[in-house]
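Fold and geometry: a report
Chain by chain, the residues:
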Amino acid sequence: DGGITQSPKYLFRKEGQNVTLSCEQNLNHDAMYWYRQDPGQGLRLIYYSQIVNDFQKGDIAEGYSVSREKKESFPLTVTSAQKNPTAFYLCASSTLEGSNQPQHFGDGTRLSIL
Amino acid sequence: DQQVKQNSPSLSVQEGRISILNCDYTNSMFDYFLWYKKYPAEGPTFLISISSIKDKNEDGRFTVFLNKSAKHLSLHIVPSQPGDSAVYFCAASDALRPGGKLIFGQGTELSVKP
């Protein structure tokens, strides 16, 4: 079954702690994305990557970091510099072949502060 | 600035009737529009899309209409079913946004009552 796997489903962070959210896809997609969803709001782009070893900041990158060492994997680290990390985090991927390709999403990770 | 807006946070419809979800955008450069459906604690699922060269796209019970002059799109679901109850997000992108980045609206929660 092809898809996007996010883990863990729930994550708790202590003050001053960095945490890493995992995102793996077996769709052979070139592009991967991280979004954040807050209650009553749409999805906001944190980081995206179109190719291995390259990534770009999205609209709300402050306090986050990413890496893209493998095509299948795009982990997101929420650092202690992110002062309001409690949110639902969504990873997505898409092919860049052709035009107008939809993004496909994982089931998300809910991050809470202890 | 909110470039993609869904002004109705919620909508309630009787089973079997039509559901109409609306979305407005401000950026005239947007050329690709998508609708996603999201259940609680899950990732969004791609429903249907439309390119700016069209004004209508249909897929089964779902039809998306695009009015470029009014910068408005809508999703029609006919007939509505209880399983359609979810949050619906519209999203937009333009050819100038690298990596296929999407801008999402805030979402509309649809409730279909039996």
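In this text the structure is predicted, and so the values were computed from the model without any measurement.

What follows concerns the overall build of chain B. The number of helices and strands found in chain B is 0 helices and 11 strands. When its helices and strands are written in sequence order, chain B yields β-β-β-β-β-β-β-β-β-β-β. A principal-axis box enclosing the C-alpha atoms of chain B has dimensions of 45 × 30 × 20 Å. Residues classed as buried in chain B amount to 46% of the 114 residues present. Of the contacts made within chain B by residues no fewer than 6 positions apart, 55% connect residues no fewer than 24 positions apart. Taken as a whole, chain B presents about 5300 Å² of accessible surface, with 50% of it coming from carbon and sulfur.

In terms of helices and strands, chain A carries 0 helices and 11 strands. Ordered by position from the N terminus, the helices and strands of chain A form the series β-β-β-β-β-β-β-β-β-β-β. For chain A, whose C-alpha radius of gyration is 13 Å, the value lies close to the compact-globule estimate of 13 Å for 114 residues. Dimensions along the principal axes, computed over C-alpha positions, put chain A at roughly 45 × 25 × 25 Å. Counting the 114 residues in chain A, one finds 47% classified as buried. In chain A, the proportion of contacts linking residues at least 24 apart, taken out of those at least 6 apart, comes to 53%. Of the roughly 5600 Å² of accessible surface on chain A, 45% is carried by carbon and sulfur atoms. Within chain A, one finds 11 positive and 12 negative side-chain charges whose respective centroids are separated by 8 Å.

Turning next to the state of the cysteines. Residue and element names in this part refer to chain A. One pass over the structure, following the stated rule, counts 2 disulfides over all chains. Through a disulfide, Cys 23 is tied to Cys 91; the S-S separation comes to 1.9 Å. Across the S-S bond linking Cys 23 and Cys 91, the dihedral sits near -75°, which makes this disulfide left-handed. Of this pair, Cys 23 sits in strand β3 (residues 19–25) while Cys 91 sits in strand β9 (residues 87–94), placing them 68 residues apart in sequence.

On to the layout of surface pockets. Which parts of space are left empty comes out when a probe the size of a water molecule is rolled across the atoms. The space that makes up the largest pocket amounts to roughly 410 Å³. Within the residue set of the lining of the largest pocket, elements represented by two or more residues are β9 of chain A together with β9 (86–93) and β11 (108–113) of chain B. A breakdown of the residues in the lining of the largest pocket according to their chemical character gives 11 nonpolar, 8 polar and 4 charged.

At the interface, 21 residues of chain B touch 22 residues of chain A. Viewed at the interface, chain A and chain B are joined by 0 salt bridges. For the side of chain B that touches chain A, the secondary structure elements donating two or more residues are β4 (32–38), β5 (45–51) and β10 (103–104) of chain B. For the side of chain B that touches chain A, the leading source of residues is β4 of chain B, giving 4 residues. Residues of the side of chain B that touches chain A, tallied by class, amount to 11 nonpolar, 6 polar and 4 charged.

For a regular strand, side chains alternate in direction, first toward one face of the sheet and then toward the other. All names here are of chain B. Covered by surrounding structure in β11 are Thr 108, Leu 110 and Val 112 only, the residues Glu 109, Ser 111 and Lys 113 on the alternate face being uncovered. Where strand β2 (residues 10–14) and β11 come together, 5 bridges link them in parallel fashion. From the neighbouring strand, Ser 12 faces β11, where its bridge partner is Ser 111.

Let's shift gears to the pattern of salt bridges. All names here are of chain A. Under the counting rule described, the total for this entry stands at 5 salt bridges over all chains. Residues Arg 36 and Asp 38 are paired through a salt bridge, measuring 2.9 Å at the closest nitrogen-oxygen approach. Across this residue pair, the class does not change: Arg 36 and Asp 38 are buried.

Looking now at a nonpolar patch on the surface. A contiguous nonpolar patch, built from Tyr 10, Phe 12 and Leu 114 of chain A and spanning about 380 Å² of accessible area, is present on the exposed surface. Mapped onto the secondary structure, Leu 114 of chain A falls in the segment after β11 (109–113).

The next subject is the sheet that holds strand β3 (residues 19–25) of chain B. Residues and elements named next belong to chain B. Taken together, 5 strands build an open sheet; the order of strands is β1-β3-β8-β7-β6 and the sheet is antiparallel. Of all strands in the sheet, those bounded by a partner on one side alone are β1 (4–5) and β6 (56–59). Where β1 and β3 come together, 2 bridges link them in antiparallel fashion. Paired with Lys 5 across the two strands is Asp 24, which belongs to β3.

Cut-off values and rules
Residues numbered from 1 in each chain as written. Chains lettered and ligands numbered in written order. Predicted model: local features only at pLDDT ≥ 70, side-chain atom pairs only at ≥ 80, totals over all residues. Heavy atoms only, no water. Helix = DSSP H or I, 4+ residues; strand = E, 2+ residues; numbered from the N terminus. Buried < 20%, exposed > 50% of the residue type's maximum accessible area, 1.4 Å probe, protein only. Contact = heavy atoms within 4.5 Å. Areas by Shrake-Rupley, 256 points an atom, 1.4 Å probe, with all protein chains shown as cover. Rg over C-alpha atoms; globule rule 2.2 N^0.38 Å. Lys, Arg positive; Asp, Glu negative; His and termini not counted. Charge placed at Lys NZ, Arg CZ, Asp CG, Glu CD. Disulfide = S-S within 2.5 Å. 1 Å grid on protein atoms, 1.4 Å probe; cavity = no way out; pocket = protein on both sides within 12 Å on 5 of 7 lines; lining within 4 Å. Points joined across faces, edges and corners; volume = space filled by probe spheres on them. Nonpolar A, V, L, I, M, F, W, Y, C, P; charged D, E, K, R; others polar. Salt bridge = Lys/Arg side-chain N within 4 Å of Asp/Glu carboxyl O. Pairing = 2+ DSSP bridges. Patch = residues over 30% accessible without salt bridge, like charges linked within 9 Å, V, L, I, M, F, W, Y side chains within 5 Å.

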